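Inside the fold
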Amino acid sequence: MDDQGLSILSGSCPLLSDLTLSYCTFITDMGLRYLASCSKLSALKLNFTPRITGCGILSLVVGCRNLTILHLIRCLNVTSVEWLEYLGKLETLEDLSIKNCRAIGEGDLIKLGPSWQKLKRLQFEVDANYRYMKVYDRLAVDRWQRQWIPCDNMEELSLVNCIISPGRGLACVLGKCQNLEKIHLDMCVGVRDSDIVSLAQKSRNLRSISLRVPSDFSLPLLMNNPLRLTDESLKAIAQNCLRLETVRISFSDGEFPSFSSFTLNGILSVIQNCPVRELALDHVYSFNDVGMEALCSAQHLETLELVRCQEITDEGLQLVSQYPRLRVLRLSKCLGITDDGFKTLVGSYKLDILAVEDCPQISERGINGAARSISFRQDLSWMY
């Protein structure tokens, strides 16, 4: 597909409403200008179209004034953001996804202006291998602080590798999403307990939360005071988000796991107060056999995923047979569990699905008959 192809497409399909272009490396801004004639276009997704620039995006949004969904993934040459400001004035956008577009920073999202009110879904991901460090002047900072960011209709928010600065940028969004149902914060440096507390108090309809927390040793040097989330955040979630069904907590890879963040009591407060149906823990060293015992009273838990939870032993896993509603169990890279941990499950067929990956002391034979459907994979290269 090239510019000529888009010319033919736009000329032959004037009612075109939804278009996805992936790895179309020959398409340039000219091709998007052809698409601008498709006035009915409401959804556009561009995945790795490296020759497209901000000028091409601008020409498209000027012509396609009914655009409600826009996804830009690895559009490396989109450096100008005038299109973002124009799109904000249209107040039609409901779903915006910007991932690994190197020249678009968190601060640029302020240009959405009035469209924040209409936005239902925002995904913003910064390339971890190319952190574009924009220099914010005092005027830009004050603009975030002065402008009221209305996010009443936001239902889903996903931020990856973002820097959250107090009182500006995306920090202004976290505590204003009263209809938020799903949030994903992945390696976002600078998130404070106060941010999560504000989020929990405002977003009482929250149904899913996913936190991937930077470990103490992965925080960048630019942070004068390395901040980490604590149990205060989890307790606020437990007290306010009484519809929460999915909880995913993960710590970043590193030789030294973080012991000074979420404790077992903090995690259990969420499980005990919220109707959690799915729990996933990755590299959470504070979760041990005591935590596994506490899950015996988790009346809603249906899916449990444990990844690199090295404090869990056979004794803890044997308690799974006592979980009231558990149907799916996934284990990965857990060093403390052996075949003996499955003795209470073998032959019971309590589980519908059991998945075991890269656990060195578990054999395929040892889990035979532990669930109706079993998947087993053994690749121990991660240990070396």
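A short tour of the structure in this document, coming up.

Each value, and the rule that gives it
- Residues numbered from 1 in each chain as written.
- Predicted model: local features only at pLDDT ≥ 70, side-chain atom pairs only at ≥ 80, totals over all residues.
- Heavy atoms only, no water.
- Helix = DSSP H or I, 4+ residues; strand = E, 2+ residues; numbered from the N terminus.
- Buried < 20%, exposed > 50% of the residue type's maximum accessible area, 1.4 Å probe, protein only.
- Contact = heavy atoms within 4.5 Å.
- Areas by Shrake-Rupley, 256 points an atom, 1.4 Å probe, with all protein chains shown as cover.
- Patch = residues over 30% accessible without salt bridge, like charges linked within 9 Å, V, L, I, M, F, W, Y side chains within 5 Å.
- Salt bridge = Lys/Arg side-chain N within 4 Å of Asp/Glu carboxyl O.
- Disulfide = S-S within 2.5 Å.
- Polar contact = N/O pair within 3.5 Å; in protein donor to acceptor, adjacent residues only side chain to side chain.
- Pairing = 2+ DSSP bridges.
- Right-handed = clockwise from strand over helix to strand, strands pointing away.

Helices and strands together make up the secondary structure of the chain, namely eleven helices and 14 strands. Out of the 384 residues belonging to the chain, those deemed buried represent 52%. Of the contacts formed within the chain by residues at least 6 apart in sequence, a portion of 74% connects residues at least 24 apart. Surface exposure of the chain reaches about 17,100 Å², of which carbon and sulfur atoms provide 48%.

Taken together, the side chains of L335, M383 and Y384 make up a nonpolar region of the molecular surface, amounting to roughly 360 Å² of accessible area. Along the chain, the position of M383 falls in the segment after β14 (371-377). Exposure remark for M383: the relative accessible area of 36% places this residue in the partly exposed category.

Moving on, we get to unusual backbone geometry. With a phi angle near 55°, Y23 is a residue other than glycine that sits in the positive phi range. Backbone geometry places H283, a non-glycine residue, at a positive phi of 65°. Its location among the elements puts H283 in the loop between β10 (278-282) and α10 (289-294).

To continue, consider the pattern of salt bridges. Counted under the stated rule, the structure contains 17 salt bridges. With a shortest N-O distance of 2.7 Å, R308 and D282 are connected by a salt bridge. With R308 in the loop between β11 (303-307) and α11 (314-317) and D282 in strand β10, the pair connects residues that are 26 residues apart, well separated along the chain. Looking at R308, the relative accessible area reads 16%, which means it is buried. A relative accessible area of 18% places D282 in the buried class. Linked through salt bridges whose partners overlap, the residues forming this network are K333, E357, D358 and R377.

As for its placement among the helices and strands, V62 is situated in helix α3 (residues 54-63). Judged by relative accessible area, V62 falls into the partly exposed class, the value being 38%. V62 sits 24 residues away from Y86 along the chain, and the two C-alpha atoms are 7.7 Å apart.

With that settled, consider the state of the cysteines. Inspection of the entire model under this criterion finds zero disulfides. Here C38 stays unpaired: no disulfide links it, and the sulfur of C64, its closest cysteine neighbor, is 6.4 Å away. Counting only cysteine sulfurs, C101 is the nearest neighbor of C75, a cysteine outside any disulfide, at a range of 4.8 Å.

Along the chain, the position of C309 falls in the loop between β11 and α11. Residue class for C309 comes out buried when judged on its relative accessible area of 0%. For the pair C309 and G336, spaced 27 residues apart in the sequence, the C-alpha separation amounts to 8.4 Å. Non-local contacts of C309, meaning those with residues more than four positions away in its chain, are made with L281, V284 and C334.

By the secondary structure assignment, T338 is in the loop between β12 (328-332) and β13 (351-357). By relative accessible area, T338 is classed as buried at 18%. A distance of 2.5 Å separates the side chain of T338 from the side chain of D314, its partner in a polar contact. Not counting chain neighbours up to four residues away, the residues in contact with T338 comprise D314, Q361 and I362.

Quick look at helix α8 (residues 231-240) now. Counting buried positions along α8 gives seven out of ten residues, so the element sits mostly inside the fold. For α8, the full list of buried residues reads D231, S233, L234, A236, I237, A238 and N240. Elements in contact with the buried residues of α8: α7 (193-202), β8 (208-213), β9 (246-251) and α9 (264-273).

Another point: the pairing of strand β3 (residues 69-73). Direction of pairing for strand β2 (residues 43-47) relative to β3: parallel, over a ladder of five bridges. Considered in β3, the bridge of N47 is made with I73. For the crossover that starts at β2, traverses α3 and ends in the parallel β3, the hand is right-handed. Bridge count between β3 and strand β4 (residues 95-99): five bridges; the pairing is parallel. Counterpart to H71 in the pairing with β4 is S97. Running through helix α4 (residues 82-90), the crossover from β3 to the neighbouring parallel element β4 is right-handed.

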